[in-house]
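# Summary of the model geometry
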Amino acid sequence: MNLVSKYYTVIICFSLTFFTTIQVQSQESKHQKMEAKIDSILSILTLEEKVAMCHAQSKFSTKGVERLGIPEIWMADGPHGVRAEISWDDWAYAGWTNDSITAFPALTCLASTFNPKLAGEFGFSLGEEARYRKKDVLLGPGVNIYRTPMNGRNFEYMGEDPFLASTMVVPYIKGVQKNGVAACIKHFALNNQELWRDKVNVEVSDRALYEIYLPAFKAAVQKANVWSIMGAYNKFRGQYTTHHELLTKKILKQDWKFDGVVISDWSSAHTTEEAAMNGLDIEMGTGTDGLGTTTANHYDQYFLASPFLKKLKTGEIPVSVVDDKVRRILRLMYRTNMSSNRPLGRANNKEHHDVARKVATEGIVLLKNDNNFFPIKDDKNITIAVIGENATRSMTAGGGSSELKPKFEISPLEGLKARYKNAKIIHSMGFASGRSVYDQIMPSPYDADSLKIEAIKVAQKADIVLFVGGLSKSHLQDCEGDDRRQYKLPFGQEELLNDIKEVNKNVGFVLITGNAVEMPWLNKVDGVIQTWYLGSMAGHAIADVISGDVNPSGKLPFSFPKKLEDNGAISFGPTSYPGVDMNQEYKEDILVGYRWHDTKKIEPQYAFGYGLSYTNFKIKNIAVDNKKYAKNGTITITCDVTNTGNSNGAEVVQVYVGKSKSKVKRALKELKGFSKVFLKNGETQAVSVTIDVEKLAFYDESISDWNIEDGTYEIYVGNASNNISKKMNITVN
Ligand code: BGC
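These notes cover the structure that comes with them.

How each quantity is defined
- Residues numbered from 1 in each chain as written.
- Predicted model: local features only at pLDDT ≥ 70, side-chain atom pairs only at ≥ 80, totals over all residues.
- Heavy atoms only, no water.
- Helix = DSSP H or I, 4+ residues; strand = E, 2+ residues; numbered from the N terminus.
- Rg over C-alpha atoms; globule rule 2.2 N^0.38 Å.
- Buried < 20%, exposed > 50% of the residue type's maximum accessible area, 1.4 Å probe, protein only.
- Contact = heavy atoms within 4.5 Å.
- Lys, Arg positive; Asp, Glu negative; His and termini not counted.
- Charge placed at Lys NZ, Arg CZ, Asp CG, Glu CD.
- Near = heavy atom within 4 Å.
- Polar contact = N/O pair within 3.5 Å; in protein donor to acceptor, adjacent residues only side chain to side chain.
- Areas by Shrake-Rupley, 256 points an atom, 1.4 Å probe, with all protein chains shown as cover.
- Nonpolar A, V, L, I, M, F, W, Y, C, P; charged D, E, K, R; others polar.
- Salt bridge = Lys/Arg side-chain N within 4 Å of Asp/Glu carboxyl O.
- Expected span 1.5 Å × (residues − 1).

Moving on, we come to the overall build of the chain. Looking only at helices and strands, the chain has 18 helices and 28 strands in total. Rg of the C-alpha trace for the chain: 26 Å, near the compact-globule value of 27 Å for 733 residues, within the 12% margin. When the backbone C-alpha atoms are referred to their principal axes, the chain occupies close to 80 × 75 × 55 Å. Within the chain, the proportion of its 733 residues that are buried is 62%. Long-range contacts, defined here as pairs at least 24 residues apart, represent 76% of the contacts in the chain between residues at least 6 apart. In the chain, 88 positive and 85 negative side-chain charges are present, and the distance between their average locations comes to 5 Å.

Time to look at the site of the ligand. The immediate surroundings of the ligand are formed by 15 residues, with Asp77, Arg153, His187, Asp265 and Glu480 found nearest. Arginine 197 is positioned with one of its side-chain polar atoms (N or O) 3.3 Å from an oxygen atom of the ligand. Considering the ligand on its own, with 310 Å² of exposed area, one finds that the protein chains cover 100% of that surface. When grouped by side-chain class, the residues that make up the shell around the ligand number six nonpolar, two polar and seven charged.

Using the criterion set out here, one finds 51 salt bridges in the structure. Note that aspartate 77 is salt-bridged to lysine 186, the shortest N-O span being 3.3 Å. Here aspartate 77, found in strand β2 (residues 73–77), pairs with lysine 186, found in strand β4 (residues 182–188); they are 109 residues apart in sequence, far enough to count as distant. An identical accessibility class is assigned to aspartate 77 and lysine 186; each is buried. The partner of lysine 663 in a salt bridge is aspartate 700, with the nearest N and O atoms 3.5 Å apart. Separated by 37 residues along the polypeptide, lysine 663 in the loop between β22 (649–658) and β23 (670–679) and aspartate 700 in strand β25 (residues 698–700) bring together distant segments of the chain. Look at lysine 663 and you get exposed, because its relative accessible area is 56%. Judged by relative accessible area, which is 4%, aspartate 700 ranks as buried. Taken together, the salt bridges that share partners define one network made up of Arg153, Glu156, Glu194, Arg197 and Glu480.

A separate point is helix α11 (residues 319–335). Here α11 contains 17 residues, and its C-alpha end-to-end distance of 24 Å stays within 8% of the 24 Å for a straight helix at 1.5 Å per residue. Judged by how many residues are buried, α11 sits mostly within the fold: 13 of 17 residues are covered.

Here is the structure:
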């Protein structure tokens with residue numbers, strides 16, 4: 001380097017440091033200014049005004065302070081779209097005509113993309129829609145871990161792996177909050193089933209708590225700086241989680257230094273004392289018991305309303321307690337509805353539809369593809385029979401609080417008809433279930449036998465059958481408020497599939513679920529695509545993949561066990577799931593999902609991280625940059641990925657780490673890094689994944705802290721948890 005370039009390098013480095021320092025300083029001074037303003041507001045608020053800000057005034061809003069121009073806070077569900085307006089005092093829809101939105105794919109689909117950048121676009125678009133609808137808090141995303149396939153609400157979450165969920169949730173939250181709308185990460189914590197969710201007491205080891213169930217929440221707080229968090233309904237170690245001494249007061253607010261607002265779930269607060277003292281800031285929904293009833297509210301009777309005020313006045317609860325809550329609420333307001341440079345938002349625009357379609361197509365997982373069943377050509381000599389209720393049923397209706405009112409929703413049948421202009425598409429419903437009504441099973445209005453006879457006739461006339469089935473958003477399916485009761489497909493689908501196979505050999509399954517299902521029918525079909533709940537653009541996205549316009553690249557965010565008993569939590573019987581006498585113990589401990597299948601050598605039907613493509617990839621030249629690492633070091637794993645097939649596509653390089661010799665029980669391996677690469681046919685790209693050694697720590701119960709063990713670790717590199725191309729050893733000391 002000559003003298004002149006040295007001179008410039010010094011200047012550039014100096015300027016960068018200078019500007020970063022200025023930036024940090026200006027952020028700090030902005031923060032100080034905000035806190036000073038909050039101090040001055042606190043000094044003029046009456047106790048009554050402060051308390052009024054700590055609880056609901058309607059189903060989805062809290063009071064402001066009119067005399068000071070402090071606004072109300074407006075909230076809306078949910079994780080994959082902004083819910084329609086709900087009435088002031090009950091759960092009925094308000095009947096507005098301007099509240100329809102874009103339905104984005106549910107979060108299992110987003111997780112399957114293994115694409116954090118896309119999660120950012122998803123969050124940003126969703127935040128724009130929330131802002132357009134004048135919402136200050138968006139009640140999502142959800143990051144409860146997929147513990148069993150029975151949980152009715154798994155479709156709203158990001159799968160079974162804490163690293164994947166943590167990686168995907170951070171850009172999502174940042175995207176939402178760029179719009180001056182607070183994300184509200186939920187449900188904190190251990191709300192891993194819907195059955196008895198409002199009463200069940202969870203017992204779980206500290207290790208599983210810190211290693212499996214908390215990391216995604218921690219990432220939301222510390223990496224995404226989330227502005228609000230929602231408590232859960234269930235208990236943990238005998239205390240309700242919404243105002244929990246360990247969870248909300250200690251871990252969230254003290255250890256993680258969360259400076260935002262803790263919002264209750266709707267009716268999850270239980271006592272004034274605990275709500276006040278253990279960190280709940282805003283109480284919502286009390287007296288309505290989830291979505292189930294329309295009991296009129298008595299907002300003044302809320303635990304954080306009159307009873308709270310009374311205790312503050314008698315001095316039983318110090319005023320500093322309400323001041324801390326109001327400080328947090330005002331902070332949320334300065335970040336949202338009292339912010340001076342808040343964008344305006346927009347909804348139902350082309351860009352949002354494009355993001356919805358992109359996430360949908362990237363999240364679809366190709367599970368099986370014998371004899372290249374997919375993609376299917378648009379050939380004028382082909383007749384395709386599209387059979388199954390899910391081909392036409394709305395999947396944005398139902399499911400509980402994540403239910404949406406989209407401006408439009410393209411069904412799979414519509415999507416296929418729009419894409420296939422030459423081939424002949426014929427359709428039959430085949431099977432039917434009833435309307436999706438919360439907490440109720442509605443009978444099907446159709447005669448099952450007639451539907452079946454008709455479907456078989458249609459299948460007979462076709463060259464190819466696309467069976468579009470799976471679950472629905474109805475009670476006891478993929479729906480809030482209760483769990484599934486069976487692992488197999490409902491509504492007689494298996495029997496119908498068997499009969500169809502008798503008359504047509506070419507059958508592919510378009511599986512629409514948010515959960516794993518039992519697949520004894522797998523050998524009856526040549527191809528399976530797992531499509532999740534895809535929202536407004538569902539049909540187009542499905543047709544994109546079936547036609548080959550988009551090469552599938554989704555990877556499963558949770559394992560599909562062969563039998564239900566192969567799932568870790570279920571294998572221990574009712575004390576582990578769903579609990580006995582409202583108590584349950586997470587007996588599988590840290591061995592959740594693939595950690596269980598791997599460690600116990602129980603082969604899943606489909607493994608975590610698995611997903612096929614229409615092309616082929618080779619991962620070669622896999623190496624680590626060192627043999628030995630210090631505890632504060634970083635491991636860099638490199639490899640070359642080649643697309644060896646005939647079409648463009650994307651592959652996800654997955655890096656897992658294990659420690660077979662350890663002083664504690666370990667999973668065989670755990671996901672610690674991944675990278676998605678897009679490759680033209682024939683193209684090779686170098687990929688590198690870095691892992692900080694500190695991320696190899698386990699939660700050591702003997703010291704109540706994280707601990708990085710010395711010794712040998714195994715690094716596994718592959719494209720699925722059960723498809724490892726190379727295993728390497730490294731040492732840490
Ligand atoms: C759900 C929450 C939701 C809230 C408001 C509750 O029943 O558990 O996820 O945000 O209702 O609809």
